[in-house]
Amino acid sequence: MSREFADRVTRIEPSATVAVSNLASELEADGVDVVDLSVGEPDFPTPEVVSEAGKDAIDEGHTGYAPSNGIPELREEIADALGERGLSYGADQLIVTPGGKQGLFETFQALVDEGSEVVLLDPAWVSYEAMAKIAGADLNRVDLTPYDFQLEPALDDLAEAVSDDTSLLVVNSPNNPTGAVYSEAALEGVRDLAVEHDVTVISDEIYDRITYGGVEAPSLGALDGMGDRTVTLNGFSKAYSMTGWRLGYIAAPEDLIDQAGKLQSHSVTCATHFVQHAGVTALRECDEFVAEMRDEFAERREMLADLFGDHGVDVPLGDGAFYMMVPVDEDDQAWCENAIEEAHVAMVPGSAFGAPGYARLSYAASEQRLREGVQRLADGGFLG
Ligand code: PMP
Ligand code: GLU
C-alpha cells in the first residue's frame, strides 16, 4: 500500500550519534575490530552500589507503576542536589523521566508550536534540532565555531538572533559536542536577553559533574531573574554511567511542569520504578565514583591533545564533558565514512551538530583504544 507519513517524522533524520554507533556495532558483529569513538556513553560499569540498589528495589517489589512525575524520595534527593548548584527548585517542580531525552522532548512539545522560533547555539547536540522540528519550530542558529566554541564572545551574535518572537533558547554547558564550559559572564548575557525578550531557556546540564582543571560549570537557572524562565535538564546517564537505565529529569516552573507532566502521563506514564530507587543511591553514595571517572577522562583528554599534536593536528579542548571536535576535511561526512570503512575508527560528522569540517570524538574509551584509534587514523592518512 502507499502510506503517507506525518510531516513531523518525514522532516527529521535518525540521530546521527546513534546511527554511527549502530553502524560500528554492525561491523563488529561481522568480526571487524572497530575503535568506536562515536557514542557518548561512559565506558565504566554502573557503580556496584547502584546496581545493588536496583536489584534490592526489584526484590522489594518496586516493579509496578510509580507516580507519574517520580517517586517522592528521588524528587527530594534531586531537589537537594540542585540546591547544591545554587538552584532552588522544590520537589514538586520536577519530573523524573526515562532518560533526559524524554524530559527534553516533553519540554519542546510543551513550549513549541508550528512556526515557533527556537534558537540553538551551534555546534549543538543532534537531538535539539530534531525535537524542535518535530514540534514544528523554525530554527535560528548562532554559530560559535568562529569563537573557539565559546559563548561569551558570541553574545552580540546571540543578541541579533533572540527577539520577542523567540519561544525557546537552548543552552548546553558543558557542551556536547565541543566540551566547552560557558562562563558565568556568558550565562549572564543569556539571562539579560531572556529577560529582555521574555524567553524560556533550556539549560542542559547533563555533563555538569564532568569538568576538568578545577573549572566548574555555572548553572543558568541560579542567576537572578532566571528561576521562572529556566528548564534545567539533567540525568544519571553520564555522571553515574547509567545510560541503559534510562533516568533523567527536568526541573522547571510549576506551570511548565503541569503541561509537561500531562505529556509524560499520556506517553511513558513514569520512569521505571525500581530504577528510580537506584537513582536515589546514585545521588547519595557515588561522589567518589564520579571523581574517579572524571580524573580518568582528564588524563585521556590530555593524552589525546598530545597525540593529535604529534600528528600536527591542533584540537580545541573544552573544559568539560568527554568529547572533542577534531578538525578534519571540509567534507566531514565523507571523512567519517572513510574513517570507519578504511581505518575502522568510528567518529560522528561535525555537520550533524551544525559544525562542518569537524568530527566529534568521544573519549569514553580506554586509553589503549584511544591510542589505537589515533594511530589508525594517522596510518590511514586521515590526519593531513
Ligand atoms: N543532553 C545531551 C547534551 C546529551 O549528550 C545527552 C546524551 N544522551 C542527553 C541530553 C540525553 O541523555 P539521556 O537521555 O541518556 O539522559
Ligand atoms: N548523547 C550521546 C551522544 O551524543 C548518546 C547518544 C545520543 O543520545 O545522542 O553520543
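It should be emphasised that the depicted structure is a prediction, and the values quoted were computed from it without experimental measurement.

(A) Inspection of the sheet that holds strand S7 (residues 230-235) at higher detail. With respect to topology, seven strands assemble into an open sheet ordered S2-S8-S7-S6-S5-S3-S4, the strand pairing being mixed. Sheet topology places strand S2 (94-97) and strand S4 (138-143) at the edges, where each strand pairs with a single neighbour. Averaged over all pairs of adjacent strands, the angle between strand axes in this sheet comes to 20°, irrespective of strand direction. Pairing of S7 with strand S8 (residues 248-251), which is carried by four bridges, proceeds in the antiparallel orientation. Following the sheet pairing, Leu 233 is matched in S8 by Ile 250. Packing of helix H6 (residues 126-134) onto the sheet brings it into contact with strand S3 (117-122), S4, strand S5 (166-172) and strand S6 (200-204), and relative to S4 it is tilted by some 155°.

(B) The arrangement of the environment of Arg 11 in detail. Tracing the backbone shows Arg 11 in the loop between helix H1 (7-10) and helix H2 (16-29). Relative accessible area serves as the criterion here: at 30%, Arg 11 is assigned to the partly exposed category. Residues Arg 11 and Lys 133, 122 residues apart in the sequence, show an inter-C-alpha distance of 7.1 Å. For Arg 11, the residues in contact, after removing those within four places along its chain, are Glu 114, Lys 133, Ile 134, Ala 135 and Gly 136.

(C) Local environment of the packing of aromatic side chains. One pass over the structure, following the stated rule, counts eleven aromatic pairs. Residues Phe 236 and Tyr 240 carry aromatic rings whose centres are separated by 5.8 Å and whose planes lie at 35° to one another, so their mutual orientation is tilted. We note that Phe 236, like Tyr 240, is buried. Through a chain of ring-to-ring contacts, three or more aromatic side chains come together here, namely Phe 44, Tyr 207, Phe 297, Phe 322, Tyr 323 and Tyr 363.

(D) View of the nonpolar core. In this structure, Phe 108, Phe 308 and Leu 361 are the most contacted members of the largest nonpolar core, which totals 96 residues. Ranked by residue count, the leading element in this core is helix H11 (residues 287-310), at eight residues. Beyond its immediate stretch of four places on either side in the chain, Phe 108 contacts Val 118, Tyr 128, Met 131, Ala 132, Ala 135, Leu 168, Val 170 and Ile 202.

(E) Local environment of empty space enclosed by the protein. Going through the model one piece at a time under the given rule, you end up with one cavity of 30 Å³ or more. The space that makes up the largest cavity amounts to roughly 40 Å³. Together, Leu 121, Pro 123, Ala 124, Trp 125, Tyr 128, Val 170, Val 171, Asn 172, Asn 175 and Tyr 182 line the largest cavity. In terms of residue count, the dominant contributor to the lining of the largest cavity is S5 (three residues).

(F) Quick look at the site of ligand 1. Near ligand 1 you find 13 residues, and of these Gly 100, Asn 176, Asp 204, Tyr 207 and Ser 237 are the closest. Asn 176 places a polar side-chain atom, nitrogen or oxygen, 2.7 Å from an oxygen atom of ligand 1. Here a nitrogen atom of ligand 1 and a side-chain polar atom of Asp 204 are 2.5 Å apart. Isolated, ligand 1 exposes 390 Å² of accessible area, and the fraction of that covered by the protein chains is 93%.

(G) Here's a closer look at the side chain of Arg 300. By the element assignment, Arg 300 lies in helix H11. Take Arg 300: its relative accessible area is 2%, and that puts it in the buried class. Within the structure, the side chain of Arg 300 is placed 3.0 Å from the side chain of Asp 43, a separation counted as a polar contact. Every residue in contact with Arg 300, bar those within four places of it in the chain, is listed here: Asp 43, Phe 44, Tyr 363, Ala 364, Ala 365, Ser 366, Glu 367 and Leu 370.

(H) Representation of the pattern of salt bridges. Taken as a whole and assessed by the stated rule, the structure comprises 20 salt bridges. Between Asp 33 and Arg 369 there is a salt bridge, and its shortest N-O distance comes to 2.7 Å. Note that Asp 33 is positioned in the loop between H2 and strand S1 (35-36) and Arg 369 in helix H13 (residues 367-379), a separation of 336 residues in sequence. Residue Glu 73 is joined to Arg 284 by a salt bridge in which the shortest nitrogen-to-oxygen separation is 4.0 Å. Here the residue Glu 73 occupies a position in helix H4 (residues 72-84), and Arg 284 occupies one in helix H10 (residues 273-285), the gap between them amounting to 211 residues. Look at Glu 73 and you get partly exposed, because its relative accessible area is 39%. Connected through salt bridges with shared partners, the residues Asp 33, Arg 369, Glu 372 and Arg 376 form a single ionic network.

(I) Up close: the pairing of S5. Across the seven residues of S5, six count as buried, placing the element largely inside the fold. Note: S3 against S5, four bridges, orientation parallel. Across the sheet, Glu 117 pairs through a bridge with Thr 166, a residue of S5. Read as a crossover between parallel neighbours, the route from S5 over helix H8 (residues 184-197) to S6 is right-handed.

Cut-offs and rules
Residues numbered from 1 in each chain as written. Chains lettered and ligands numbered in written order. Predicted model: local features only at pLDDT ≥ 70, side-chain atom pairs only at ≥ 80, totals over all residues. Heavy atoms only, no water. Pairing = 2+ DSSP bridges. Helix = DSSP H or I, 4+ residues; strand = E, 2+ residues; numbered from the N terminus. Axes fitted to C-alpha atoms, helices over the stretch in contact; angles between N-to-C directions. Contact = heavy atoms within 4.5 Å. Buried < 20%, exposed > 50% of the residue type's maximum accessible area, 1.4 Å probe, protein only. Phe/Tyr/Trp six-rings, centres within 6.5 Å; stacked < 30°, edge-to-face > 60°. Core = buried A, V, L, I, M, F, W, Y, C linked by side-chain atoms within 4.5 Å. 1 Å grid on protein atoms, 1.4 Å probe; cavity = no way out; pocket = protein on both sides within 12 Å on 5 of 7 lines; lining within 4 Å. Points joined across faces, edges and corners; volume = space filled by probe spheres on them. Near = heavy atom within 4 Å. Polar contact = N/O pair within 3.5 Å; in protein donor to acceptor, adjacent residues only side chain to side chain. Areas by Shrake-Rupley, 256 points an atom, 1.4 Å probe, with all protein chains shown as cover. Salt bridge = Lys/Arg side-chain N within 4 Å of Asp/Glu carboxyl O. Right-handed = clockwise from strand over helix to strand, strands pointing away.

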